[in-house]
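# Coordinates in review
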Amino acid sequence: IPVLIGELISVEIWKHKIFPVLCQLGDFKPRSTFHIYMVLHHEGSIVNLLETVFFHKEICESAEDSVLDLIDYCHRKLTLLAAWSANRQTVTPMELQPEDLASPSSMRAVLVPPQELQKQAETMEFEISLKALSVLRFITDQVESLSLSALTRMLNTHNLPCLLVELLERCPWSCWEAGKLKKFENGMWHVVPPEDQVKMTKLDGQVWLALLNLLLSPECQRKYHFDGFNKSQLLKLRAFLTDVLIDQLPNLVEMQRFLSHLAVTEPAPPKKDLVLEQVPIIWDHILKKNRGKWEAIAKHQVKCTFSPTEEELKLQAQRWAQTYTLDMMEALAPDKPRCRVCGAEAAKQCSRCRNEWYCTRACQVQHWQKHKAACKLMA
């Protein structure tokens, strides 16, 4: 997990520091843009993976000190979302036509102008930011087991409760266009029918759940500064807590009760104990190591990475073909395959679909009537 978080921040810095310089270089005329697509999509791939695995408590714990870097990363993405909505920008997903896709033989993608690549990067940035919102929500699920530094980072350094309130107010995944309400779900903007306009989306739910975790946890309440500004921002949530919303997420009754109590009381100020706080290091380390070298790195990558010869493209294609063979995937599997019929250790595979395993020919014949339709479909 720390390796993935390091990769995530490395690509983020590349997109901020190297990619804009690449697009401005006069000699940046790549024969193939496939490698750039790989880098641009790499951040999205990692954050997708983190969103999937951070659902599990042990994954959050295995992040160790790098969870501080991940919290900082999520804060940057959420701030970006708030900025987009403040400017009322809507992001339209880019669609590639079949003729634009890379050729399997040479991996030569369509030569897209640098300006077009930047537009596609902005589109992906919006979707990545939404994934970062989900990752942050899963981190808040584990507030009871997070370190004191992580809690301080979320509550006081970045003041995530107020940022989440702002996201609910601005709702960047929702917009009105030509008199119709549109919401962003599953990578696309959809027109919402009138009868579904009050329905909570998954993204709305992620924000509310993160707020529930941060505000109702006793540990967080002891650490958070309920000063005049923070209190006024949090009380804005009362306007959103309608009966319709609470019916969809009953846990919000507890939030409603907490806000009612907050409105009429003055919370005790947090204790000012002497605390040795850890700080994230990945972002700062990469910036310090490469300060003043961004243009030189961009020129080096134009020459060595983004201008491959035909022979280098073929070698790259061969390496990927070897990496993603079924035999390689099976070798990576932690457990040996089991027979689909009797459960014994299996060494034989359906030669047609290569999806089912059997210990003997007899088991395969016995299972054929059930497997035949699926086998044909997968083949």
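Throughout, a residue's number is its position along its own chain's written sequence, starting from 1. In view of the model being predicted, local features appear only for residues whose pLDDT reaches at least 70, and side-chain atom pairs are presented and counted only at 80 or more, with totals across whole chains, interfaces and linings using the full set of residues. Each side-chain value is worked out from all heavy atoms of the structure, with water and hydrogens disregarded.

Let us now look at the overall build of the chain. Numbering goes from the N terminus for both helices and strands, where a helix is a DSSP run of H or I of at least four residues and a strand is a run of E of at least two. Scanning the chain from N- to C-terminus turns up 17 helices and 5 strands. The cut-offs for exposure are 20% and 50% of the maximum accessible area for each residue type, with area from a 1.4 Å probe on protein chains only; residues under the lower value are buried, those over the upper are exposed, and the others partly exposed. In the chain, buried positions account for 44% of the 379 residues. Put simply, 73% of the contacts in the chain that link residues at least 6 apart link residues at least 24 apart. When the accessible surface of the chain is split by element, carbon and sulfur atoms take 55% of a total near 21400 Å². Between two residues, a contact is recorded if the distance between any of their heavy atoms is within 4.5 Å. Areas reported as accessible are Shrake-Rupley estimates using a 1.4 Å probe. Residue values count occlusion only from the protein chains shown.

When a carboxyl oxygen of Asp or Glu lies within 4 Å of a side-chain nitrogen of Lys or Arg, that pair is called a salt bridge. Summed over all chains, the structure comprises 19 salt bridges. Two residues, Glu-169 and Lys-236, come together in a salt bridge whose shortest N-O distance is 3.7 Å. With Glu-169 in helix H7 (residues 160-170) and Lys-236 in the loop between helix H10 (228-234) and helix H11 (243-248), the pair connects residues that are 67 residues apart, well separated along the chain. Overall, Glu-169 belongs to the partly exposed group, its relative accessible area being 41%.

The pairing criterion is simple: DSSP has to find at least two bridges between the two strands. Pairing of strand E2 (residues 180-185) with strand E3 (residues 188-191) involves 4 bridges; the strand directions are antiparallel. Considered in E3, the bridge of Phe-184 is made with Trp-189. In this antiparallel pair of consecutive strands, E2 and E3, the connection spans 2 residues, and Asn-186 shows a positive phi of 55°.

With that settled, the discussion passes to the side chain of Asn-159. Following the sequence through the fold, Asn-159 ends up in the loop between helix H6 (148-157) and H7. A residue is classified by how much of its surface remains accessible, and Asn-159, at 17% relative accessible area, is buried. Whenever two N or O atoms come within 3.5 Å, that pair is a polar contact, provided that in protein one can donate a hydrogen and the other can accept it, and provided that, for residues adjacent in sequence, both atoms are side-chain atoms. Engagement of the side chain of Asn-159 in a polar contact is seen with the side chain of Tyr-224, the distance being 2.6 Å. The contacts of Asn-159, once residues within four sequence positions are left out, are Met-154, Tyr-224 and Asn-230.

Right, let's talk about the UniProt feature "domain: MYND-type" (unreviewed entry) in the chain for a bit. UniProt positions are given in the numbering used here, feature names are shortened, and annotations may be inferred rather than shown by experiment. Per the UniProt record, "domain: MYND-type" (unreviewed entry) is found at residues 339-375. Annotation note: span residues 339-375, helix share 41%, strand share 11%, distance between end C-alpha atoms 16 Å.

Bridging between strand E1 (residues 174-177) and E2 involves 4 bridges; their strand directions are antiparallel. Each bridged residue has a counterpart across the sheet, and for Glu-177 the counterpart in E2 is Lys-180.

The next point concerns the packing of aromatic side chains. Between rings of Phe, Tyr and Trp, where Trp is taken as its six-membered ring, a pair exists when centres lie within 6.5 Å; planes separated by under 30 degrees are stacked, by over 60 edge-to-face, and by other angles tilted. Per the stated rule, a full pass over the model turns up 8 aromatic pairs. Relative to Phe-138, the ring of Phe-55 lies with its centre 5.9 Å away and its plane at 90°, an arrangement referred to as edge-to-face. A residue pair is termed long-range when its members are at least 10 positions apart, and Phe-55 in the loop between helix H2 (34-53) and helix H3 (57-62) and Phe-138 in helix H5 (residues 114-140) qualify at 83 residues. Using a relative accessible area of 9% as the deciding quantity, one classes Phe-138 as buried. A positively charged side chain is recorded as over a ring if its NZ (Lys) or CZ (Arg) lies within 6 Å of the ring centre. The angle to the ring normal must also be within 35 degrees. Across the ring face of Trp-283, the terminal group of Arg-76 is positioned such that the distance to the ring centre comes to 4.1 Å.

The next thing to look at is helix H15 (residues 310-323). Its 14 residues place the ends of H15 20 Å apart at the C-alpha level, agreeing with the 20 Å of an ideal helix rising 1.5 Å per residue. Within H15, the full set of buried residues consists of Leu-313, Gln-316 and Ala-317. One face of H15 carries all of its buried residues, which in axial projection span an arc of 100°. Every exposed residue of H15 that faces more than 90 degrees away from the buried side is listed here: Glu-311 and Gln-322. Summarising the contacts, the buried residues of H15 are in contact with H2. Expected span of a helix, by definition, is 1.5 Å for each gap between consecutive residues, and there is one gap fewer than residues. As used here, the arc belongs to the directions running from the helix axis to the C-beta atoms.

In this section: the environment of Leu-151. For Leu-151, the location among the structural elements is in helix H6. A relative accessible area of 2% means that Leu-151 is categorised as buried. It is 7.8 Å that separates the C-alpha atoms of Leu-151 and Lys-223, two residues lying 72 residues apart in sequence. Beyond its immediate stretch of four places on either side in the chain, Leu-151 contacts Val-143, Asn-156, Glu-219 and Cys-220.

Keep in mind that most residues, glycine aside, have a negative phi and that most peptide bonds are trans. Phi is positive for Asn-159, close to 50°, though the residue is something other than glycine. At Ala-178, a residue that is not glycine, the phi angle is positive and equals roughly 55°. Summarising the element assignment, Ala-178 is placed in the loop between E1 and E2. Judged by its relative accessible area of 79%, Ala-178 falls in the exposed class.

Here we take up the sheet that holds E3. One open sheet accounts for 3 strands, arranged E1-E2-E3; its pairing is antiparallel. Every interior strand has two partners, whereas the edge strands, E1 and E3, have only one. Strand after strand, the sheet turns through a mean of 35° between neighbouring axes, direction not considered. Every axis in this analysis is a line fitted to C-alpha atoms, fitted for helices over the stretch in contact. Angles between the N-to-C directions lie between 0 and 180 degrees.

Looking now at the packing of helix H1 (residues 2-24) against H2. At a minimum axis distance of 9 Å, the contact between H1 and H2 shows a crossing angle of 145°. Regarding H1 and H2, the two cross each other, and that crossing is left-handed. Of H2, the residues touching H1 (which contributes Leu-4, Ile-5, Glu-7, Leu-8, Val-11, Glu-12, Trp-14, Lys-15 and Phe-19) are Ile-36, Val-39, Leu-40, His-42, Glu-43, Ile-46, Val-47, Leu-49 and Leu-50. Throughout, the ten residues Ala, Val, Leu, Ile, Met, Phe, Trp, Tyr, Cys and Pro are labelled nonpolar, Asp, Glu, Lys and Arg are labelled charged, and all others, Gly among them, are labelled polar. Of the residues in the contact of H1 with H2, the class split is 13 nonpolar, 1 polar and 4 charged. Crossings are sorted by hand: turned counterclockwise from the far helix by less than a right angle, the near helix makes the crossing left-handed, and turned clockwise it makes it right-handed.

This part is about helix H12 (residues 252-264). Spanning 13 residues, H12 covers 19 Å between terminal C-alpha atoms, matching the ideal 18 Å at 1.5 Å per step. Those residues of H12 that fall on the buried side of the exposure criterion are Leu-252, Met-255, Phe-258, Leu-259 and Leu-262. Viewed along the axis of H12, the buried residues span an arc of 110°, placing them on a single side of the element. Away from the buried face of H12 by more than 90 degrees, exposed residues His-261 and Val-264 are located. As for H12, its buried residues are in contact with helix H8 (202-216), helix H9 (218-223), H10 and H11.

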